[in-house]
Amino acid sequence: MSVDAMALALWAKTGEPPLLLLAHMLDTAAVAQEVLYREPPRTRALYAKDWGLPVEDAVAWVSFLAGLHDIGKASTVFQAGWREGALRVREAGLPLEEGLDWIAHGVFTELFLKRLLREEGLAERAANDLAAALGAHHGFPASGEEKKRARRQLMGEDHLWWQARRFLLEELSGRLGAFLPQLEGNGEATPEAVLRVMALASFADWV
């Protein structure tokens, strides 16, 4: 099975048919864009200033980030949590381990994005801050103990999972035309910039 087929088997919400993870990510990004274009121009100008991008590029970038909020669901423990969905994931070729301790998907979102955003070329400080903010999109920042337990689960994970996550990120980025910002100075985003992304992601997710 190809990596794209594996990634496209991942689910976000149960049901028949289930809501696939990529579809939910795209939905959230689209809602974020719609929200921003319904806002007064000064709101979009704030996001543009935050990231040093033209307005349209800034909207694409922060909508892309909003869409990444649930990439933590591309984890073994989450995908094994619904029997019918887990069967589809296994049939697509991604190995699932049974009996893992439950860890909230936001914890994995933080861990995954710290790595994925840095691999995309974002400065480490900005990647870490955005990862923590997006991981807390349900209002609960990950504790040190939760992240420690999550890292232990990931230690024995098959490499195909990272390939599937990269596919999701790249597919989302490509469809939105998101450009990576070039941050000045030490590569650190302002607290206000990170907070605005977190608020947008949380709102777009619930809508």
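Here the structure is shown first, and the text comes after it.
Residues numbered from 1 in each chain as written. Predicted model: local features only at pLDDT ≥ 70, side-chain atom pairs only at ≥ 80, totals over all residues. Heavy atoms only, no water.

Draft legend 1. Examining the overall build of the chain more closely. On a plain count of helices and strands, the chain comes out with eleven helices and two strands. Mapped from its N terminus to its C terminus, the chain presents α and β elements in the order α-β-β-α-α-α-α-α-α-α-α-α-α. The C-alpha radius of gyration of the chain comes to 17 Å, within 12% of the 17 Å expected for a compact globule of 207 residues. For the chain, the C-alpha atoms occupy an extent of roughly 50 × 35 × 30 Å along the three principal directions. The burial tally for the chain puts 50% of its 207 residues in the buried class. Considering only residue pairs separated by 6 or more positions, the chain has 78% of its internal contacts joining residues 24 or more positions apart. (Helix = DSSP H or I, 4+ residues; strand = E, 2+ residues; numbered from the N terminus. Rg over C-alpha atoms; globule rule 2.2 N^0.38 Å. Buried < 20%, exposed > 50% of the residue type's maximum accessible area, 1.4 Å probe, protein only. Contact = heavy atoms within 4.5 Å.)

Draft legend 2. Summary view of the packing of aromatic side chains. Here the structure, examined in full by the defined rule, presents seven aromatic pairs. Centre to centre, the rings of Trp11 and Phe78 are 4.6 Å apart; their planes meet at 35°, and the pair counts as tilted. With a gap of 67 residues between them, Trp11 in strand E1 (residues 11-13) and Phe78 in helix H5 (residues 76-79) connect regions that are remote in the sequence. Neither residue differs from the other here; Trp11 and Phe78 are each classed as buried. (Phe/Tyr/Trp six-rings, centres within 6.5 Å; stacked < 30°, edge-to-face > 60°.)

Draft legend 3. Region of the structure containing the side chain of Lys73. Residue placement: Lys73 occurs in the loop between helix H4 (55-67) and H5. With relative accessibility at 6%, the residue Lys73 sits in the buried group. Excluding its chain neighbours within four sequence positions, the residues that come into contact with Lys73 are Ala12, Lys13, Leu21, Phe78, Gln79 and His105.

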